[in-house]
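The residues making up each chain are set out below.
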Amino acid sequence: IAATRFYYQNESFMRTVEYYFLRIGMKRFSPQGGTHFLSQNVDLNSTLSPELAADPNAVMFRAKAASAPGYLRGGVYSTYENGRWTVPKALPEQLSATRRATILSYSTFSVGEENKFAHPASIELFFDRLRSGGVIPAPGNTFRLDAVADSGDLTPSVIFALKQWKTDGGCTLYVPAIVPEAAWQKPKPEDSELLTIPQEIRDSLEAQLPPEVLNSKSDMEKILALRTYFQRKFTYSLAPADLRLRGDPILHFLSKTRKGHCELFATSAVLLLRTQGIPSRYVTGFLCVEKSTVSNYYIVRASHAHAWCEARSEEHTSELQSRLHL
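Residues numbered from 1 in each chain as written. Predicted model: local features only at pLDDT ≥ 70, side-chain atom pairs only at ≥ 80, totals over all residues. Heavy atoms only, no water.

(A) Region of the structure containing the side chain of Asp153. Looking at where Asp153 falls in the secondary structure, it is placed in strand β11 (residues 151–154). Classification of Asp153 as buried rests on a relative accessible area of 9%. In this structure the side chain of Asp153 is engaged in a polar contact, spanning 3.3 Å, whose partner is the side chain of Lys163. Once residues lying within four places of it in the same chain are set aside, the contact partners of Asp153 are Pro92, Glu93, Gln94, Leu95, Ile159, Phe160, Ala161 and Lys163. (Helix = DSSP H or I, 4+ residues; strand = E, 2+ residues; numbered from the N terminus. Buried < 20%, exposed > 50% of the residue type's maximum accessible area, 1.4 Å probe, protein only. Polar contact = N/O pair within 3.5 Å; in protein donor to acceptor, adjacent residues only side chain to side chain. Contact = heavy atoms within 4.5 Å.)

Set out below in C-alpha cells:
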C-alpha cells in the first residue's frame, strides 16, 4: 500500500523513469526512421507503396508467441467507390481500462468480459519501423491488450487504437487461443454497410460471378466456391497497375487481366460476396508467420503487408483469405 501511494504521489517522475527503461530495453530493436502503412483510405488506382518497393525486407515489428499469430488486422473498410475504400466517419468507443501499478506500470484495455477465458494465449509485439499512429495490429479474436498508454479506443471498424502510447515498450495481446485466420467474431449490427455496392457497377459485378458460386446453396458454399474460382482462374502478381485505365479497376481485374496483388483479390471477393447478400468487409494488416532463425519470435517485414476479405456466413463468421490462390 505504501509503495502504491508513493507511486501515485510521484506519478510523473515514475512514468519518466519507466519509459527510460523501456526505451533502453528495446533500443537494439529500434532503428532510426519509420514506415507508415496504415491509413484511412485505400486507393486501388495507385501503385504499391514506394516504401514497400524500396525495402520489402525491412522489419516492421516482431511478435513473441507460442505459435505463428497469422493475420493481424490494422484497418477495416466498408465503403467502396471508384477503386477506393474509406473508413466510415463515426465516433470510436472507449475501451474499458484498468491501471496496473507494478515495477513498470501499464494499462489493461479490455473488450467484453476479460475473465471469461481461463487459459488465454498471449502475443507480445515489439515495434521497429512501423509507425501506426496508435493503431495496434491484432488478431480478430483479441479480447484484451496491455500497453503503456493513457487511454484506448475501439474504432467503429473494430480496430484497437491507443492514445499517448509509448511504442518503445510494445504491447501484449491476449486471445482465447492463437487462431492464424481469426476474424472479428462480433459483427456490428449495421449489416447494411457490409452489403453496399455502388449501383453503377452492380450489374457488371454480377455478370462476373461464376456458375459454381451462383449454384451454391449456403453462404459458406458460396464463399468456398469463390475462393476455388480465384485459385483456378486468376494469378497473383505485384506488377504495377496500369494508371491509364478508365473505369473501375475491379471490373478491369475481373473481366480482363485476372492478374494482380492482394488488394484486388480482396476487394473483388468483398464486392462479389455482397452481390449474394453475404455481409463482407475489406481488411488490411500484416501476415505474421515468419519464424526467426536466431530467437524465439516471429518477424513481420514490409513485404508481409496484406489485404484480405472477412465474410459472415449464415453458419458462422468466416474469413476468406484473398491470397490462398497461390
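What follows picks up the thread again.
(B) Quick peek at unusual backbone geometry. The phi torsion at Asn82 lies on the positive side, around 55°, for a residue other than glycine. Looking at the element boundaries, Asn82 is found in the loop between β4 (79–81) and β5 (84–86).

(C) The arrangement of the sheet that holds strand β12 (residues 160–163) in detail. Read across the sheet, 3 strands follow the order β6-β11-β12 without closing on themselves; strand pairing throughout is antiparallel. For this open sheet the edge positions go to β6 (93–94) and β12, each flanked by a neighbour on one side alone. Bridge count for β6 against β11 is 2 bridges, and the pairing is antiparallel. By the bridge assignment for β11, Gln94 is matched with Asp153. (Pairing = 2+ DSSP bridges.)

(D) Structural context of the pairing of strand β8 (residues 106–110). In terms of residue burial, β8 counts as a mostly covered element, since 4 of its 5 residues are buried. As judged from the 5 bridges shared by strand β7 (residues 96–100) and β8, these two strands associate in the antiparallel manner. Paired with Ala97 across the strands is Phe109, a residue of β8. Inspection of the sheet shows β8 paired to strand β10 (residues 144–147) by 4 bridges, in the antiparallel sense. In the sheet register, Phe109 faces β10, and the bridge partner there is Leu145.

(E) Examining the nonpolar core more closely. Of all hydrophobic cores here, the largest spans 35 residues; its most connected members are Trp85, Leu205, Leu226, Phe230, Ile250, Leu254 and Tyr282. For this core, the secondary-structure elements that each account for two or more residues are α4 (199–207), α6 (219–233), α7 (249–257), α8 (262–275) and β19 (305–312). By residue number, the principal contributor to this core is α8, which donates 9 residues. Those residues in contact with Tyr282 that sit more than four places away from it in its chain are Val42, Leu44, Gly75, Val76, Tyr77, Trp85, Glu263, Ala266, Thr267, Val270, Ala307 and Trp308. Judged by nonpolar contacts, the second largest core, of 33 residues, contains Val158, Phe160, Val300 and Ala302. (Core = buried A, V, L, I, M, F, W, Y, C linked by side-chain atoms within 4.5 Å.)

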